[in-house]
Amino acid sequence: MTFDGNSERGERSPAGGGAGVRILVVEDEQHLASGLKLNFELEGYAVELARDAREAARHLVRPEAYGAIVLDIMLPDIDGFELCRRIRESGDYTPVLMLTARSDPSDRVRGLEAGADDYMVKPFDLQELIARVRSMLRRRKWEKDEAREAPSDIVSFGRAKVDLASHRAYVGSTQLDLTKLEVDLIRYFFANSGRTLDREELLEKVWKLRGYKNTRTVDNFIARLRRYFEDDPTQPSYFVSVRGVGYRFVPDREG
Ligand code: CA
């Protein structure tokens, strides 16, 4: 993802250790951040720290570079809800555990609506936090294994074939690697072929962002699908705009 267009990447090699899974901790309270880092490292994880959303964005240039993200809600620039939303918007589905100082149930709801996977209230037990992150990582691994073992699930239209299981697409002789979000979007369009889908529905069903209004996100992803799959992206025949409403997927016409 990007943050105000500043996107340089501090590529560092994992600190090594057992699992070697990389975790990004986004927290401005220095002693808490270092405590988390130390404890994760003792468990064999490689940890990088970001003090605010801007720094986090620099670490999150490549989708799913980390196994998990621990994200504090109270940050000096934008809050954790907004950052989580931006991460999801960018098509990055890294598991996110949110931290908050308040035990307000509405924070939990907001976190989940922003696309977080889990939630902990400060002060928390470090061992419990590590166990929760471990369980998020395990769930994600199951999902990946399941996707890998699933029989190929191919949809085709025009010159395009999309393997929804392997996230790979072929257009003529060109092969494309799709992100999870692009695949989810194509799957949703296919399942709802011919029906006009408004942007809010797409944000809720595909991005899992409820009550979210930033519709530019949807438009950007549609533009991407058109570049991949349309013969002429300016005259789309599959991912068609419905003026004032949203989009409709038009499967191949007969004959
Ligand atoms: Ca904080």
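Residues numbered from 1 in each chain as written. Predicted model: local features only at pLDDT ≥ 70, side-chain atom pairs only at ≥ 80, totals over all residues. Heavy atoms only, no water.

A. Region of interest: the domain arrangement of the protein chain. Splitting the protein chain by domain gives domain 1 (2-147) and domain 2 (154-249). On a C-alpha basis, the centroid separation for the pair domain 1 and domain 2 is 28 Å. With 12 residues of domain 1 at the interface, the matching set in domain 2 holds 12 residues. Buried area between domain 1 and domain 2, both sides added, is near 1,100 Å², and the carbon and sulfur share of it is 54%. At the surface where domain 1 touches domain 2, the tally comes to 2 residue pairs in polar contact (both at pLDDT 80 or more). When contributions to the side of domain 1 that touches domain 2 are tallied by element, the ones reaching two or more residues are helix 3 (80-89) and helix 4 (105-113). By residue number, the principal contributor to the side of domain 1 that touches domain 2 is helix 3, which donates 4 residues. (Domains from an automatic or database assignment. Contact = heavy atoms within 4.5 Å. Buried area = accessible area lost by both parts, 1.4 Å probe. Polar contact = N/O pair within 3.5 Å; in protein donor to acceptor, adjacent residues only side chain to side chain. Helix = DSSP H or I, 4+ residues; strand = E, 2+ residues; numbered from the N terminus.)

B. Region of the structure containing unusual backbone geometry. A cis amide bond, omega -5°, links lysine 122 with the succeeding residue proline 123. Even without a glycine there, the phi angle at lysine 208 is positive, about 60°. Mapped onto the fold, lysine 208 is located in the loop between helix 7 (199-205) and helix 8 (216-229).

C. Up close: the environment of arginine 226. Residue placement: arginine 226 occurs in helix 8. Residue class for arginine 226 comes out buried when judged on its relative accessible area of 13%. Spatially, the C-alpha atom of arginine 226 lies 35 Å from that of valine 21, the residues being 205 residues apart in sequence. Those residues in contact with arginine 226 that lie beyond four places of it in its chain are Pro233, Pro236, Phe239, Val240, Ser241 and Tyr247. (Buried < 20%, exposed > 50% of the residue type's maximum accessible area, 1.4 Å probe, protein only.)

D. Spatial organisation of helix 5 (residues 126-149). The terminal C-alpha atoms of helix 5, which comprises 24 residues, lie 35 Å apart, in line with the 34 Å expected from a rise of 1.5 Å per residue. Residues of helix 5 that are buried: Leu129, Ile130, Val133, Met136, Leu137, Arg140 and Asp145. Each element contacted by the buried residues of helix 5 is listed here: strand 1 (22-26), helix 1 (30-42), strand 3 (68-72), strand 4 (96-100) and strand 5 (118-121). (Expected span 1.5 Å × (residues − 1).)

E. Just the coordination of the calcium ion, in detail. Glu27 (OE), Asp28 (OD), Asp72 (OD) and Met74 (O) make up the full set of protein donors to the calcium ion, lying at 2.1 to 2.6 Å. Sequence spacing among the residues donating to the calcium ion works out to E-D-x43-D-x1-M. In this pair, aspartate 28 is assigned in the loop between strand 1 and helix 1 and methionine 74 in the loop between strand 3 and helix 3, connecting sequence segments 46 residues apart. Judged by its relative accessible area of 30%, aspartate 28 falls in the partly exposed class. Judged by relative accessible area, which is 54%, methionine 74 ranks as exposed. (Donors = N, O, S within 2.8 Å, 3.2 Å for Na, K, Ca; no water.)

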